[in-house]
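What follows is the residue order along each chain.
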Amino acid sequence: MTSSPAGQRMGTPGGRSIIAAAVLGSGMTWLDGSVVNVALRTIGEDLDASLAQLQWINNGYLVSLAALILLGGSLGDRLGRRRMFVVGTIWFALASALCGLAPNAETLIVARILQGVGGALLTPGSLAMIQGAFVPGDRARAIGAWSGLGGVAAAIGPFVGGVLVDHASWRWIFLINLPIAVVTVVIAWRSVPETRDPTATGSFDVMGAVLASLALGGITYALIDWGSGGAVWAGAAGLIAAVAFLLLERSEPQPMMPLGLYRDRTFSASNAMTLLVYAALGAMSFFLVLQLQTVTGYSALQAGLATMPITLCMLFLAAKGGALGTRIGPRIPMSVGPLVMALGTVLVVGVDAQSSYWLHILPGVTVFGLGLALMVAPLTATVLAAAPDDKAGIASGINNAVARAGSLMAVAALPTAVGLSGDEYADPRVFASAYPNAMLACAALLALGGVVSWLTIPKRLPA
């Protein structure tokens, strides 16, 4: 440890080290998010996986991440945010190794669930380390830098992933996390100050984590396997667990999700908007990449490169979006951003087998990326500003959980809603007929997110 908490400034060696560790750690999770979508079709062919299994390869990670990220934030606030970040990074790396060695779809799904556990520990820690270590006046800029630099991993991901899938093996998209994790742990342990919530005491909310996992797992299973005999029972069990979770959190002395945070209108509104926007983001990425490979005939590398403008916009413009939000307030960026993303989604509705990249794909993904870059940093800053400093880890965990829950629910529900099942993801005719409706549903969710922000987010954040 080289510096004291809440005293770092942007541009100093200590500040750069904190951002580097946070970016590398969270960047692994973003890398996997962009790479796995590109590799899904190849994984399905290699492991003879059904559409439901591909959904679980995507959603198994999101279920455990969303369910446990609240506990991860709470653990970081109490035991040390740097400590939990390091533990999560090591766990994530080991689970990535298991993903890379998986002999069948079932093993890969289990490994992805374990990956989500590691992600639940390191993800809230990455933001909470910034919130706890930087002086208040530099936090928005630091968060913007974190968002933008984190886009490096997402920008490199489609290219590296496509090269690995096309010319080596999809297994390397997971094994590449191992050296990144080693560098992350070294930087974090040597240079990041330890911060925690000095008021946090008592036992951990393990039962809350169990109920959250059952709720998300049951509802996700029901959405993916809707129409099967066990779907109704799984959905009912998930809903019961969700109600029990809320009742427990209301009475638990040390809840992992303090319901009192939702008394703040800005916090509640920001999370409602997050649910809508990230549901659309997850489903749009899932369907567009499969459409490009199944219908347009792109290779994994070509499909990855086709969506790279989104992450390039994040890389170069997210920090500017954070600065803009600081200057004019969060309402306009958080309202206009999702509406611009909705326009970008509409522009790729017509992608088909005859589509030109330059005329039919590039404009849409670029517009989508511009909207995302405008929105992300102001959204994150608004969520954290609406919570007390000593609850930064929990607030970050809640917002990340909401984002992942929205994404996994959309990816689980939309294929069934538009009529896809079994191995139809590999049938160009069937997938092409379902794709436009899925994109229009994503655009509607994004537009609704923009409206929610305009009606509920304040013009200015409290100083």
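All chains use their own residue numbering, which begins from 1 and follows the written sequence. With the structure being a predicted model, the display of local features is reserved for residues of pLDDT at least 70 and the display and counting of side-chain atom pairs for 80 or more, all residues being used for whole-chain, interface and lining totals. Just so you know, side-chain values use all the structure's heavy atoms and leave hydrogens and water out.

Q: Before we move on, could you go through the overall build of the chain and cite the residues and values that matter?
A: Secondary structure summary: the chain contains 16 helices and zero strands in total. Taken over C-alpha atoms, the radius of gyration comes to 20 Å for the chain, in line with the 23 Å a tight globule of 463 residues would show. The dimensions of the chain, computed from C-alpha atoms along their principal axes, are 60 × 45 × 45 Å. Note on contacts: a residue pair qualifies if any of its non-hydrogen atoms lie within 4.5 Å across the two residues. Summarising the internal contacts of the chain: among those between residues at least 6 apart in sequence, 85% fall at separations of at least 24. Carbon and sulfur atoms provide 69% of the accessible area of the chain, an area that totals close to 17100 Å². A residue counts as positive if it is Lys or Arg and as negative if it is Asp or Glu; His and the chain ends are not included. To locate a charge, the coordinates of NZ of Lys, CZ of Arg, CG of Asp or CD of Glu are taken. Averaged over its 24 positive side-chain charges, the chain has a centre that lies 15 Å from the centre of its 21 negative ones. Elements are defined by DSSP. Helices are runs of H or I of four residues or more, strands are runs of E of two residues or more, and each kind is numbered from the N terminus. Every radius of gyration here is taken over C-alpha atoms, with the globule rule written as 2.2 Å times N^0.38, N being the number of residues. The method behind every accessible area is Shrake-Rupley, applied with a 1.4 Å probe, and residues are considered shielded solely by the protein chains displayed.

Q: Tell me about the pattern of salt bridges, and please be specific about residues and values.
A: Any carboxyl oxygen of Asp or Glu within 4 Å of a side-chain nitrogen of Lys or Arg constitutes a salt bridge here. This structure, assessed with the given rule, holds two salt bridges. Ionic pairing is found between Arg41 and Glu45, a salt bridge with its closest N-O pair at 3.6 Å. Of this pair, Arg41 and Glu45 both sit in helix α1 (residues 13-47), four residues apart, roughly one helical turn.

Q: Lay out the confidence of the model for the chain in plain terms, naming residues and giving numbers.
A: Looking at the chain as a whole, its pLDDT mean stands at 86, while 94% of the residues score no less than 70. Confidence of the prediction at every residue is given by pLDDT, a number between 0 and 100. Model confidence for the chain, summarised as mean pLDDT per element, is weakest for helix α5 (residues 136-167) at 74 and strongest for helix α13 (residues 331-347) at 97.

Q: Can you explain the side chain of Glu194? Please cite residues and give values.
A: With respect to the helices and strands, Glu194 occurs in the loop between α7 (177-191) and α8 (206-224). Looking at Glu194, its side chain comes within polar contact range of the main-chain nitrogen of Arg83, at 3.3 Å. Two N or O atoms count as a polar contact when they lie within 3.5 Å, although within protein this holds only if one can serve as hydrogen donor and the other as acceptor, and sequence-adjacent residues are included solely when both atoms are side-chain atoms.

Q: Before we move on, could you go through unusual backbone geometry and cite the residues and values that matter?
A: A positive phi is found at Asp48, a non-glycine position, where the angle reads about 55°. Its location among the elements puts Asp48 in the loop between α1 and α2 (51-79). Asp48 gets classed as exposed once you look at its relative accessible area, which sits at 69%. The buried label applies to any residue whose accessible area, calculated with a 1.4 Å probe on protein chains only, is under 20% of its type's maximum; exposed applies above 50%, and partly exposed to all values in between.

Q: Any chance you could break down helix α16 (residues 428-456) for me, citing the residues and the numbers?
A: Multiplying one less than the number of residues by 1.5 Å gives the expected span of a helix. The terminal C-alpha atoms of α16, which comprises 29 residues, lie 42 Å apart, in line with the 42 Å expected from a rise of 1.5 Å per residue. The bend reported for a residue corresponds to the angle between axes fitted to the seven residues ending at that residue and the seven starting there. When the local axis directions of α16 are compared, the greatest deviation, roughly 30°, occurs at Tyr435, which is followed within four positions by the proline Pro436. All of the buried residues along α16 are Val430, Phe431, Ala434, Tyr435, Ala438, Met439, Cys442, Ala443, Leu446, Gly449, Gly450 and Ser453. Between the side-chain oxygen of the N-cap and the backbone nitrogen of Arg429 there are 3.0 Å, and the N-cap of α16 in question is Asp427.

Q: Residue-level account of the environment of Pro193, with values.
A: Its place among the elements puts Pro193 in the loop between α7 and α8. Each C-alpha atom of the pair Pro193 and Gly80 lies 9.6 Å from the other, and the pair is 113 residues apart in sequence.

Q: Residue-level account of helix α14 (residues 357-385), with values.
A: In a regular helix each residue adds 1.5 Å, so 29 residues correspond to 42 Å; α14 covers 41 Å between its end C-alpha atoms and thus fits that length. The sharpest bend along α14 measures roughly 25° and falls at Met375, with the proline Pro378 sitting one to four residues further on.

Q: Outline the nonpolar core, listing residues and values.
A: Among the buried residues, those of types Ala, Val, Leu, Ile, Met, Phe, Trp, Tyr and Cys that are joined through side-chain atoms within 4.5 Å form a nonpolar core. Ranked by internal contacts, the top residues of the largest apolar core, which has 141 residues, are Leu108, Phe287 and Met375. Considering each element in turn, this core owes the most residues, 16 residues, to helix α10 (residues 265-294). Those residues in contact with Phe287 that sit more than four places away from it in its chain are Leu414, Pro415, Val418, Leu420, Phe431, Tyr435, Ala438 and Met439.

Q: Outline a nonpolar patch on the surface, supporting the account with residue identities and numerical values.
A: Here, patches come from residues exposed beyond 30% relative accessible area and free of salt bridges, joined within 9 Å for like charges and within 5 Å for nonpolar side chains (Val, Leu, Ile, Met, Phe, Trp, Tyr). A cluster of nonpolar side chains, Ile328, Ile332, Val336, Leu448, Val451, Trp454 and Leu455, forms an exposed patch at the surface whose accessible area comes to about 630 Å². Broken down by element, the nonpolar patch gets its largest block of residues, four residues, from α16. Topologically, Leu455 is positioned in helix α16. Of the residues examined, Leu455 reaches a relative accessible area of 59% and is grouped as exposed.

Q: Mind laying out the environment of Ala39, listing which residues take part and the relevant values?
A: Inspection of the secondary structure puts Ala39 in helix α1. In this structure the C-alpha to C-alpha distance between Ala39 and Val165, which are 126 residues apart in sequence, comes to 6.5 Å. Beyond its immediate sequence surroundings of up to four residues, Ala39 is in contact with Val165, Trp170 and Ile173.

Q: Tell me about the packing of α10 against α16, and name the residues and values.
A: Helix axes use the C-alpha atoms of the stretch in contact, all axes being lines fitted to C-alpha atoms, and the angles between their N-to-C directions lie in the range 0 to 180 degrees. Between α10 and α16, the shortest axis-to-axis distance is 8 Å and the interhelical angle comes to 160°. It follows that α10 is roughly antiparallel to α16 by the angle criterion. Handedness of the crossing formed by α10 with α16: left-handed. Looking at the contact of α10 with α16 residue by residue, the class counts come to 23 nonpolar, five polar and one charged. Roughly parallel here means an angle under 35 degrees, roughly antiparallel means over 145, roughly perpendicular means 65 to 115, and every remaining angle is called oblique. Rotating anticlockwise by less than a right angle from the far helix to the near helix defines a left-handed crossing, while the corresponding clockwise rotation defines a right-handed one. Three residue categories are used. Nonpolar comprises Ala, Val, Leu, Ile, Met, Phe, Trp, Tyr, Cys and Pro, charged comprises Asp, Glu, Lys and Arg, and polar comprises the others, including Gly.

Q: Can you break down the environment of Val346 residue by residue, with the values?
A: Assignment of secondary structure puts Val346 in helix α13. The spatial distance from the C-alpha of Val346 to the C-alpha of Ala443 is 6.4 Å, given a sequence separation of 97 residues.

Q: Could you give me a rundown of the packing of aromatic side chains, with the residues and numbers involved?
A: Within 6.5 Å between ring centres, the rings of Phe, Tyr and Trp (the latter by its six-membered ring) count as paired, and their orientation is classed by plane angle as stacked under 30 degrees, edge-to-face over 60, tilted in between. As enumerated under the stated definition, the model contains six aromatic pairs in all. Between Trp170 and Phe174, the ring centres sit 6.3 Å apart and the planes meet at 90°, which makes this aromatic pair edge-to-face. Taking the relative accessible area as the measure of exposure, Trp170 reaches 2% and is therefore buried. Taken together, a centroid distance of 5.4 Å and an interplanar angle of 75° make the contact between Tyr357 and Trp358 edge-to-face. A residue is classified by how much of its surface remains accessible, and Tyr357, at 18% relative accessible area, is buried. Aromatic ring contacts, followed pair by pair, group Phe286, Phe287 and Phe431 into a single cluster. Geometrically, a lysine NZ or arginine CZ counts as sitting over a ring once it is within 6 Å of the ring centre and also within 35 degrees of the ring normal. For the cation-ring pair, Arg82 lies above Trp189, with the distance from its terminal atom to the ring centre recorded as 4.5 Å. Geometry around Trp454 places Arg331 over its ring, the cationic atom sitting 5.5 Å from the centre.

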